[in-house]
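Residue-level structural notes
The primary structure of each chain is shown beneath.
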Amino acid sequence: MGEWIKKGLINYDPYLAQYLDFNDERIKKGWDSVVLVDGMEGSGKSNLAIACAYYNDPTLTAERIVFTPEQFLSAVDNAKKGQAIVYDEFVTGGLGTDFMSLFQKTIIKKLVMCRKKGLYLYLVIPNIFFLGRYFATHRTTYLIHNYTPDGIKRGEWRVYNYETKKKLYARGKRTDYSYSPSDGAPKWDKRGTYLKTENYPIIDWAEYDRKKEEAIESISLEKKSLKDTARDKALKNAIRFLKEEHRYTNQNISDFLDVSSKSIERWSKKDRQTEVI
């Protein structure tokens, strides 16, 4: 392996730089550059993605590191030709498959614009197997897997090129979601190490942390709203069933569900309003 390559404030592993240079060539030829970055939670995949985006676009700012679908759409609309956007799924991973579906639909809607603008997209996800087949195997150029050999050590990566990525995904989805060749997964194409990005002032890290915290709070409220909606629906259905099938009064239902009679009256009123609407 040759000498590390300095780009801006950061030194890069020459093998990793080869793939990042490939992104530049794609943009020059009128292609887009959509790169997946995955890895164990806390392994440093967000820092790795930001370092890669900075390599392709030294003008990168915290404004173009996004955490929600709304922020992503705004970033694409406002980005200038040749700029990079990092879509960091880290804080929204708790929404599971429903969020990943929205995550992919949001990006697909904007891919045409990204190509016209010549944008670099780095998509940070827990693992490639969370994605749908089209996105994992066809629409993304390659995968940078942030690797930790023992669950403690950070700073290592493995790259799966377009074809190897397809094989990894197909085998993993069919079997055990493993990246390990000892389990039968295809071997990566290149591997290496990277420096701790947050030690360098390539972006406003305080602003990055503020946006992350804001996204965590908004997602927590969204999850609570979804839970409340499901609870409301279950209560309305239970009240309706007890009234229609068993002729229960509000007081009967209150005693049965151990809920105040005022709450039962309120839910009954909401149910009647819904029927009218």
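Now for a quick tour of the structure. Nothing here was measured: the structure is a model prediction, and the numbers come from that model.

Here's the deal with the overall build of the chain
Along the chain, the regular secondary structure elements total 9 helices and 9 strands. The proportion of buried residues among the 277 residues of the chain is 47%. Contacts in the chain between residues far apart in sequence, at least 24 positions, make up 70% of those at least 6 positions apart. As displayed, the chain has an accessible area near 14,800 Å², and 52% of this comes from carbon and sulfur atoms.

Quick word on the sheet that holds strand 7 (residues 142-147)
Pairing is mixed in the open sheet, where 7 strands are placed in the order 4-5-6-3-7-8-9. Looking at strand neighbours, the two that pair on one side only are strand 4 (65-66) and strand 9 (190-193), the edges of this open sheet. Bridge count for strand 8 (residues 156-160) against strand 9 is 4 bridges, and the pairing is antiparallel. Residue pairing across strands places W157 opposite G192, the latter belonging to strand 9.

Quick look at helix 2 (residues 45-56)
Relative to the 16 Å expected for 12 residues at 1.5 Å per residue, helix 2 spans 17 Å between its end C-alpha atoms, a close match to the ideal helical length. Helix 2 sits mainly inside the fold: 12 of its 12 residues count as buried. Of all the positions in helix 2, only K45, S46, N47, L48, A49, I50, A51, C52, A53, Y54, Y55 and N56 are classed as buried.

With respect to the nonpolar core
One finds L20, L48, I50, Y122, I144, I203 and Y208 to be the most contacted residues of the largest nonpolar core, which totals 36 residues. By residue number, the principal contributor to this core is helix 2, which donates 8 residues. Residues contacting I144, with those up to four places away along its chain left out, are L16, V35, L36, V37, D38, L48, C52, W157, R158 and V159. Judged by nonpolar contacts, the second largest core, of 28 residues, contains I85, I128, L143 and Y160.

Some details on the pattern of salt bridges
Within the structure shown, the criterion is met by 11 salt bridges. Between D57 and R64 there is a salt bridge, and its shortest N-O distance comes to 2.7 Å. Of the two residues, D57 and R64, neither departs from the other in class, the shared state being buried. Each member of the salt-bridge network shares a partner with another, and the members are R26, D32, R115 and R139.

Topic: the environment of Y19
Residue placement: Y19 occurs in helix 1 (residues 14-28). Y19 sits 171 residues away from K190 along the chain, and the two C-alpha atoms are 9.6 Å apart. Apart from residues no more than four positions distant in its own chain, Y19 is found in contact with Y142, V159, D189 and K190.

Re unusual backbone geometry
At Y177, a residue that is not glycine, the phi angle is positive and equals roughly 60 degrees. Summarising the element assignment, Y177 is placed in the loop between helix 6 (162-174) and strand 9.

Overview of the packing of aromatic side chains
For the structure on display, the rule yields 8 aromatic pairs. Residues F129 and Y169 carry aromatic rings whose centres are separated by 6.4 Å and whose planes lie at 20 degrees to one another, so their mutual orientation is stacked. Taken together, the residues F129 in the loop between strand 6 (120-125) and helix 5 (133-138) and Y169 in helix 6 connect sequence positions 40 residues apart. For the pair F129 and Y169, one class covers both residues: buried. Measuring from ring centre to ring centre gives 5.2 Å for F129 and Y177, while their planes differ by 10 degrees; the resulting arrangement is stacked.

A closer look at the environment of E198
With respect to the helices and strands, E198 occurs in the loop between strand 9 and helix 7 (205-246). You can call E198 partly exposed: its relative accessible area is 38%. For the pair E198 and G44, spaced 154 residues apart in the sequence, the C-alpha separation amounts to 9.9 Å.

Section: the packing of helix 1 against helix 2
Across the interface, helix 1 lies against helix 2 with an axial gap of 9 Å and an inter-helix angle of 55 degrees. One finds that helix 1 runs oblique with respect to helix 2. In the crossing of helix 1 with helix 2, the sense of the turn from one axis to the other is right-handed. Residues L16, A17, L20, D21, N23 and D24 of helix 1 form the contact with helix 2, whose own contacting residues are L48, C52, Y55 and N56. In terms of residue class, the contact of helix 1 with helix 2 is made up of 6 nonpolar, 2 polar and 2 charged.

Calculation criteria
Residues numbered from 1 in each chain as written. Predicted model: local features only at pLDDT ≥ 70, side-chain atom pairs only at ≥ 80, totals over all residues. Heavy atoms only, no water. Helix = DSSP H or I, 4+ residues; strand = E, 2+ residues; numbered from the N terminus. Buried < 20%, exposed > 50% of the residue type's maximum accessible area, 1.4 Å probe, protein only. Contact = heavy atoms within 4.5 Å. Areas by Shrake-Rupley, 256 points an atom, 1.4 Å probe, with all protein chains shown as cover. Pairing = 2+ DSSP bridges. Expected span 1.5 Å × (residues − 1). Core = buried A, V, L, I, M, F, W, Y, C linked by side-chain atoms within 4.5 Å. Salt bridge = Lys/Arg side-chain N within 4 Å of Asp/Glu carboxyl O. Phe/Tyr/Trp six-rings, centres within 6.5 Å; stacked < 30°, edge-to-face > 60°. Axes fitted to C-alpha atoms, helices over the stretch in contact; angles between N-to-C directions. Parallel < 35°, antiparallel > 145°, perpendicular 65-115°, else oblique. Left-handed = near helix turned anticlockwise from the far one by under 90°. Nonpolar A, V, L, I, M, F, W, Y, C, P; charged D, E, K, R; others polar.

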